[in-house]
Amino acid sequence: MIKRKSKRRTYVRSAYFNKNKIFLDLFWQHLFDKEKWQDRFRRLKYFGCAIELIQESRFAPKSKENPNNPSEILHRFYGSTAEKDAFYVQIKEDKRTGQKFLISTFPEK
(Lines give C-alpha, C1' and ligand atoms only; values in the text may rest on other atoms or scores of the structure.)
Protein backbone atom coordinates (compact mmCIF):
# COMPACT_ATOMS: atom_id res chain seq x y z
CA MET A 1 0.00 0.00 0.00
CA ILE A 2 2.66 2.56 0.99
CA LYS A 3 5.19 1.32 -1.57
CA ARG A 4 2.85 2.17 -4.47
CA LYS A 5 2.71 5.85 -3.53
CA SER A 6 6.23 6.42 -4.81
CA LYS A 7 8.42 4.76 -7.39
CA ARG A 8 11.57 5.97 -5.68
CA ARG A 9 11.73 6.21 -1.88
CA THR A 10 8.90 5.07 0.34
CA TYR A 11 7.28 7.72 2.47
CA VAL A 12 4.12 8.71 4.31
CA ARG A 13 2.71 12.19 4.67
CA SER A 14 2.47 13.65 8.16
CA ALA A 15 -0.53 15.62 9.40
CA TYR A 16 1.55 17.40 12.05
CA PHE A 17 4.26 18.51 9.61
CA ASN A 18 1.74 20.04 7.16
CA LYS A 19 1.59 16.96 4.93
CA ASN A 20 5.38 16.87 4.47
CA LYS A 21 6.96 13.54 3.55
CA ILE A 22 8.43 11.27 6.21
CA PHE A 23 10.83 8.83 4.52
CA LEU A 24 10.90 5.23 5.78
CA ASP A 25 14.21 3.87 4.45
CA LEU A 26 16.26 4.72 7.56
CA PHE A 27 13.79 2.79 9.74
CA TRP A 28 14.51 -0.45 7.88
CA GLN A 29 18.27 0.07 8.06
CA HIS A 30 18.04 0.78 11.79
CA LEU A 31 15.79 -2.24 12.34
CA PHE A 32 18.11 -4.69 10.62
CA ASP A 33 21.16 -3.29 12.43
CA LYS A 34 19.74 -4.85 15.60
CA GLU A 35 21.45 -8.15 16.33
CA LYS A 36 18.71 -9.83 18.36
CA TRP A 37 15.57 -10.89 16.52
CA GLN A 38 13.55 -10.28 19.71
CA ASP A 39 14.45 -6.58 19.59
CA ARG A 40 13.52 -6.41 15.89
CA PHE A 41 10.17 -8.03 16.57
CA ARG A 42 9.51 -5.77 19.56
CA ARG A 43 10.03 -2.67 17.39
CA LEU A 44 8.29 -4.00 14.28
CA LYS A 45 5.20 -4.81 16.34
CA TYR A 46 4.44 -1.06 16.52
CA PHE A 47 5.16 -0.25 12.85
CA GLY A 48 1.52 -0.20 11.68
CA CYS A 49 0.46 1.97 14.60
CA ALA A 50 3.46 4.24 14.00
CA ILE A 51 2.47 4.83 10.37
CA GLU A 52 -1.08 5.68 11.43
CA LEU A 53 0.22 7.98 14.17
CA ILE A 54 2.45 9.85 11.69
CA GLN A 55 -0.36 10.21 9.17
CA GLU A 56 -3.11 11.26 11.57
CA SER A 57 -1.61 12.94 14.65
CA ARG A 58 -1.77 16.70 14.97
CA PHE A 59 -0.36 16.77 18.51
CA ALA A 60 3.07 18.35 18.94
CA PRO A 61 5.94 15.94 19.55
CA LYS A 62 8.75 16.44 22.03
CA SER A 63 11.53 17.92 19.92
CA LYS A 64 15.18 18.46 20.75
CA GLU A 65 18.47 18.89 18.98
CA ASN A 66 20.34 15.64 18.39
CA PRO A 67 23.17 15.56 20.99
CA ASN A 68 25.32 13.47 18.61
CA ASN A 69 24.76 15.66 15.55
CA PRO A 70 23.81 19.35 15.98
CA SER A 71 22.56 19.59 12.38
CA GLU A 72 19.58 17.34 13.23
CA ILE A 73 16.42 17.67 15.27
CA LEU A 74 14.81 14.60 16.88
CA HIS A 75 11.02 14.55 17.19
CA ARG A 76 9.42 11.97 19.48
CA PHE A 77 5.70 11.25 19.19
CA TYR A 78 3.79 9.33 21.86
CA GLY A 79 1.05 6.88 20.91
CA SER A 80 -0.89 3.89 22.13
CA THR A 81 -2.18 0.77 20.42
CA ALA A 82 -5.73 -0.57 20.51
CA GLU A 83 -4.57 -2.85 23.35
CA LYS A 84 -3.45 0.27 25.30
CA ASP A 85 0.28 -0.45 24.87
CA ALA A 86 2.21 2.82 24.96
CA PHE A 87 4.96 3.40 22.40
CA TYR A 88 7.11 6.13 20.87
CA VAL A 89 7.85 7.05 17.28
CA GLN A 90 11.10 8.88 16.65
CA ILE A 91 11.61 11.06 13.57
CA LYS A 92 14.87 12.71 12.57
CA GLU A 93 14.81 16.06 10.74
CA ASP A 94 17.80 17.38 8.82
CA LYS A 95 18.04 21.12 9.58
CA ARG A 96 19.77 21.95 6.30
CA THR A 97 17.43 20.15 3.87
CA GLY A 98 14.29 19.91 6.02
CA GLN A 99 13.89 16.22 5.14
CA LYS A 100 12.38 13.99 7.80
CA PHE A 101 13.07 10.30 8.37
CA LEU A 102 11.35 7.71 10.54
CA ILE A 103 14.12 6.28 12.68
CA SER A 104 12.52 4.02 15.23
CA THR A 105 9.45 2.79 17.05
CA PHE A 106 9.75 1.35 20.52
CA PRO A 107 7.64 0.61 23.59
CA GLU A 108 7.47 3.00 26.51
CA LYS A 109 9.26 0.68 28.92
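1. A look at the nonpolar core
Working step 1: In this structure, Ile22, Ile54, Val89, Ile91 and Leu102 are the most contacted members of the largest nonpolar core, which totals 17 residues.
Working step 2: If you list the elements that add at least two residues to this core, you get helix H1 (25-33), helix H3 (47-56) and strand E5 (86-94).
Working step 3: It is H3 that provides the largest number of residues to this core, a total of five residues.
Working step 4: If sequence neighbours within four positions are ignored, Leu102 has contacts with Ile22, Phe23, Leu24, Leu26, Phe27, Phe47, Ile54, Val89, Gln90 and Ile91.

2. Some points on the pairing of strand E6 (residues 100-107)
A regular strand places its side chains on the two faces of the sheet in alternate fashion.
Working step 1: Counting buried residues in E6 gives eight out of eight residues, a clear majority hidden from the surface.
Working step 2: With two bridges connecting them, strand E2 (residues 20-23) and E6 associate as parallel partners. Across the sheet, Phe23 pairs through a bridge with Phe101, a residue of E6.
Working step 3: Taken together, the seven bridges between E5 and E6 define a ladder with antiparallel strand orientation. Note on E6: the bridge partner recorded for Gln90 is Ser104.

3. So, H3
One full turn of an α-helix is made of 3.6 residues, so residues set three or four places apart face in the same direction.
Working step 1: Turning to H3, its buried residues are Phe47, Ala50, Ile51, Leu53 and Ile54. Down the axis, H3 shows its buried residues gathered within 160° of arc, on one side only. The exposed set on the far side of H3, more than 90 degrees from its buried face, consists of Glu52 and Glu56.

4. Thoughts on the pattern of salt bridges
Working step 1: Applying the stated criterion across every chain, the model contains six salt bridges.
Working step 2: Note that Arg9 is salt-bridged to Asp25, the shortest N-O span being 3.5 Å. You can see Arg9 sitting in the segment before strand E1 (11-14) and its partner Asp25 sitting in helix H1, a full 16 residues away along the chain.
Working step 3: What makes Asp25 partly exposed here is its relative accessible area of 28%.
Working step 4: Asp39 is the salt-bridge partner of Arg43, the closest N and O atoms lying 3.3 Å from each other. Here Arg43 pairs with Asp39, and both are found in helix H2 (residues 37-44), just four residues apart, close to one helical turn. Each member of the pair, Arg43 as well as Asp39, carries the same accessibility label: buried.
Working step 5: By sharing partners, the salt bridges in this structure join Asp39, Arg42 and Arg43 into a single network.

5. Re the environment of Thr97
Working step 1: For Thr97, the location among the structural elements is in the loop between E5 and E6.
Working step 2: Residue Thr97 is classed as partly exposed on the basis of its relative accessible area of 41%.
Working step 3: In this structure the C-alpha to C-alpha distance between Thr97 and Phe77, which are 20 residues apart in sequence, comes to 21 Å.
Working step 4: Here Gln99 takes part through its backbone nitrogen, which lies 3.3 Å from a polar atom of the side chain of Thr97.

About the thresholds
Residues numbered from 1 in each chain as written. Predicted model: local features only at pLDDT ≥ 70, side-chain atom pairs only at ≥ 80, totals over all residues. Heavy atoms only, no water. Core = buried A, V, L, I, M, F, W, Y, C linked by side-chain atoms within 4.5 Å. Buried < 20%, exposed > 50% of the residue type's maximum accessible area, 1.4 Å probe, protein only. Helix = DSSP H or I, 4+ residues; strand = E, 2+ residues; numbered from the N terminus. Contact = heavy atoms within 4.5 Å. Pairing = 2+ DSSP bridges. Arc of directions from axis to C-beta. Salt bridge = Lys/Arg side-chain N within 4 Å of Asp/Glu carboxyl O. Polar contact = N/O pair within 3.5 Å; in protein donor to acceptor, adjacent residues only side chain to side chain.

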